[in-house]
Amino acid sequence: MKTLAFETPLQELYEKIAQLKQLSHEGDVDLSREIERIEARADTLKKTIYTDLTPAQIVQISRHPNRPDSSSLFRLILENFIELHGDRAFRDDPSIVAGVGFLKKHRVMVIGHQKGHDTKENIYRNFGMPHPEGYRKALRLMKMAEKFSMPIVTFIDTPGAFPGLGAEERGQAEAIARNLREMAGLTVPVITVVIGEGGSGGALGIGVSNKVYMMEYAVYSVISPEGCASILFHDAAKSDITSKSLKITAPDIVALGVADDVIKEPMGGAHYDWEAAAASIKKVVLKDLNAYKKITNVKKIQEERYLKFRKMGQFSE
Amino acid sequence: MSIVDWFAKKEKRRHSSKKLNIPGDLWVKCLGCTEVLFLKDLEANLKVCPRCNYHFRVSPEERLKFLFDPDSFEETNAGIGPVDFLTFTDTEAYADRIKRAQKKSGVKDAVRTGRVLLKGKSVNVAIMDFGFMGGSMGSVVGEKITRLIEAGVENKHPVIIFTASGGARMQEGILSLMQMAKTSAALNRLAEVSVPYISVVCDPTTGGTSASFAMLGDVNLTEPGTLISFAGPRVIEQTIRQKLPKGFQRAEFLLEHGMVDRVVPRNEMRQLLFDVVMLLDPHGAEI
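Quick caveat, the model's predicted, so the values are computed rather than measured. All residue numbers here refer to positions counted from 1 along the written sequence of the relevant chain. As they are written, the chains are lettered A onward and the ligands numbered 1 onward, keeping that order. Confidence filtering applies because this is a predicted model: local features only for residues at pLDDT of at least 70, side-chain atom pairs given and counted only at 80 or more, and all residues used for totals across whole chains, interfaces and linings. For side-chain calculations, the full set of non-hydrogen atoms in the structure is used, while hydrogens and water are omitted.

K.L.:
Looking at this model, I keep getting lost on the side chain of Asn188 of chain B. Mind explaining?
P.N.:
Following the sequence through the fold, Asn188 of chain B ends up in helix α6 (residues 173-192). Residue Asn188 of chain B is classed as buried on the basis of its relative accessible area, which comes to 10%. Residue contacts are defined here by distance: any two heavy atoms, one from each residue, within 4.5 Å place the two residues in contact. Contact partners of Asn188 of chain B, with chain neighbours within four places excluded, come to Arg181, Ala184 and Gly185 of chain A. Numbering goes from the N terminus for both helices and strands, where a helix is a DSSP run of H or I of at least four residues and a strand is a run of E of at least two. Exposure classes here rest on a 1.4 Å probe applied to the protein chains alone. A residue is buried below 20% of its type maximum, exposed above 50%, and partly exposed in between.

K.L.:
Teacher, can you tell me more about the nonpolar core here?
P.N.:
Side chains of nonpolar character tend, in soluble globular proteins, to be buried together. To define a nonpolar core, start from buried Ala, Val, Leu, Ile, Met, Phe, Trp, Tyr and Cys residues and group those joined through side-chain atoms within 4.5 Å. If you look at the biggest cluster of nonpolar residues, it comprises 164 residues, and the most contacted ones within it are Ile111 and Tyr220 of chain A together with Ile160 and Phe162 of chain B. A per-element tally of this core places α6 of chain B first, with ten residues. When neighbours within four sequence positions are excluded, Ile111 of chain A is seen to be in contact with Phe74, Ile96, Val97, Ala98, Ala138, Leu141, Met142, Ile152, Val153, Thr154, Phe155 and Ile206 of chain A. In this structure, Cys30, Cys33, Leu42 and Cys49 of chain B belong to the second largest nonpolar core, which totals six residues.

K.L.:
I'm lost on the pairing of strand β6 (residues 121-128) of chain B in this one. Help?
P.N.:
For a regular strand, side chains alternate in direction, first toward one face of the sheet and then toward the other. All names here are of chain B. Of all eight residues in β6, eight are buried; the element is thus mostly enclosed. Because side chains alternate across β6, one face comprises the buried residues Lys121, Val123, Val125 and Ile127, and the other comprises Ser122, Asn124, Ala126 and Met128, equally buried. Bridging between strand β5 (residues 111-118) and β6 involves eight bridges; their strand directions are antiparallel. Its bridge partner lying in β6, Arg115 is registered against Asn124. At least two DSSP bridges between two strands are needed for those strands to be called paired. Once β5 ends, the chain turns through two residues before running back antiparallel as β6, passing Lys119 with a positive phi of about 50°.

K.L.:
Help me out: how do you make sense of the domain arrangement of chain A in this one?
P.N.:
As a measure of interface size, the accessible area lost when the parts come together is often cited. Residue and element names in this part refer to chain A. Domain start and stop positions are those given by an automatic or database domain assignment. Parsing chain A into structural domains produces domain 1 (5-52) and domain 2 (59-310). Look at where the C-alpha atoms of domain 1 and domain 2 centre, and you get two points 36 Å apart. On the side of domain 2, nine residues touch domain 1, which itself brings seven residues to the contact. Accessible area that two parts lose when put together, with a 1.4 Å probe and added across both, is what the buried area reports. Roughly 670 Å² of surface becomes buried between domain 1 and domain 2 when both sides are summed, with 62% attributable to carbon and sulfur atoms. Take a side-chain nitrogen of Lys or Arg and a carboxyl oxygen of Asp or Glu: if they are within 4 Å of each other, that pair is a salt bridge. There are zero salt bridges connecting domain 1 and domain 2. Distance and chemistry together define a polar contact, namely a pair of N or O atoms within 3.5 Å, with one atom able to donate a hydrogen and the other to accept it when in protein, and with adjacent residues in sequence counting only for side-chain atoms on both sides. Taken together, the connections running from domain 1 to domain 2 amount to two residue pairs in polar contact (both at pLDDT 80 or more). Of all the elements in the fold, those that place two or more residues in the side of domain 1 that touches domain 2 are α1 (8-26) and α2 (32-51). Per-element accounting of the side of domain 1 that touches domain 2 gives the leading share, three residues, to α2. In terms of residue class, the side of domain 1 that touches domain 2 is built from four nonpolar, no polar and three charged. Following the grouping adopted for this structure description, the nonpolar residues are Ala, Val, Leu, Ile, Met, Phe, Trp, Tyr, Cys and Pro, the charged ones are Asp, Glu, Lys and Arg, and the polar ones are all others, Gly among them.

K.L.:
Looking at this structure, I do not really get the environment of Pro94 of chain A. What am I missing?
P.N.:
Residue and element names in this part refer to chain A. Within the secondary structure layout, Pro94 lies in the loop between β1 (79-83) and β2 (96-103). Considering only alpha carbons, one finds Pro94 and Tyr124, 30 residues apart in sequence, at a separation of 7.0 Å. Residues contacting Pro94, with those up to four places away along its chain left out, are Gln114, Tyr124 and Arg125.

K.L.:
Got a minute to help me understand the interface of chain A and chain B in this structure?
P.N.:
Taken together, the 48 residues of chain A in the interface contact 57 residues of chain B. Between chain A and chain B the total buried area reaches about 4600 Å² when both faces are included, carbon and sulfur atoms providing 71% of it. Scanning the region where chain A abuts chain B turns up four salt bridges. The partner of Arg310 of chain A in a salt bridge is Glu150 of chain B, with the nearest N and O atoms 2.8 Å apart. Here chain A and chain B share 13 residue pairs in polar contact (both at pLDDT 80 or more) between them. Looking at the side of chain A that touches chain B, the elements with two or more residues in it are α7 (165-169), α8 (172-184), α9 (200-204), β7 (219-221), α10 (225-232), α14 (298-310) and β9 (315-316) of chain A. No other element matches the nine residues that α8 of chain A contributes to the side of chain A that touches chain B. Of the residues that constitute the side of chain A that touches chain B, the class distribution is 26 nonpolar, twelve polar and ten charged. Relative to strand β4 (residues 81-82) of chain B, β9 of chain A runs antiparallel, the two sharing two bridges. Across the sheet, residue Ser316 of chain A finds its bridge partner in β4 of chain B, namely Gly81 of chain B.

In structure tokens:
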């Protein structure tokens, strides 16, 4: 597993534990007490490291290559997940995965940005940066969900919509804009979880929702801290400053009224325990699905979503 | 001095010699063809170069003057101003940037909104100001645009928005991003009551503004040569590591790729806007 710089001391302890276990396995020395002692030390260290993270460190965790991806989470929280493909106009965009399944007794449509865990997979998934056809696939399936009265669950995890030639030619701006407008009018409830990186318009393109949740170590931002630093300071390396000033961590996003709540992650982050992370997400989403099941008036659902975003913004008058 | 340096120096001299010493503000050099133009003539020609058809960027006030009935603009929500709620500081505090931009422009933020007459027909209009912090969209721009669209939902008069914006205003963090959703959601309501929305995409319109209301017109119009993009040309060049083709992301390119309905020369804009609005508006038989 890839180790983040601030996790190195912890990783060293884990390696030591592994060595000792190997030793006691090979020889007949009993090292169990030593192992236990170091394991306890590792736990304390993990707690210390993870209770005092800087925003820049949280950004790193949000992008950790071993963080659970949308597709894996769908398979962990749903029964009978069936993936659906394509925008019916140009191609299937592997940067967005979507499909239908049962979450307990609820029929749901799920849609999420899809990153990879290694270089090969990341190239195939375009590092989770969708083209316009990704947003159009998402919209096609949201409209389908509306047709069959299925709540929609979306997972946000993208550095942003892809900035490239083909994306511009095929109307990246139009595709995102249309999603924002159409999502606002959906007659079914939409629940969004930012599971990793919430990168700008590319994230919002599937995020105009009734409920928005932040995973504990997820971030949500108008621009990447690096992008912001390179514009304002002409130096992308100043991203430790901008990651603070942009207010992008889960508690910030809740405080600014953009997200409803934070979903706790397993100690050390979701990448240490995918099942536990999935279980926490499932619990929160299920609670909402049960609540929305009781709302039969679709106007209420539209109104709730409209007012949620209508309120956003701070100005003097 | 190597020969390369010599050439570089010569090249530099060639460029700098292009700069003309123009007295006062009577004359301007065309940014398209470098022709020197008498300002009065240029203004009479709606700030379009008579020689090369280059469309100069214009202020909201000039646009009102060029396109709408004289003295018919009734401004709304002019009192809404920006707040530095993140106490955002980069090389300069956001609060100071706001003050400087307000002092320079005499307005509170990057958009003006209100009711105006177009050949006698009442319309709701918003005009963005690229001169105010790059026309960036923060809470104020988002709120004023949203209120204008909501006014359209109420009064049923067509909505016309002139965009000119670099995108979301970073200094307002995530809330600037959310203005994209807020404005687009309002347009969804406008669509429900069948009030026409004409987006006039002006130079330049990029980022979060193009990825929200700028691209959502029932009819999207633009002026010749306008830069319209999601990602700016520089960002794309960095991503693909090659030079972009000429004319990429310009108005004509977007027309070719089906993203706008028409590229309209400025001197035809007033008539065309009127015709489109009259043809589409199901609510306003009388003007």
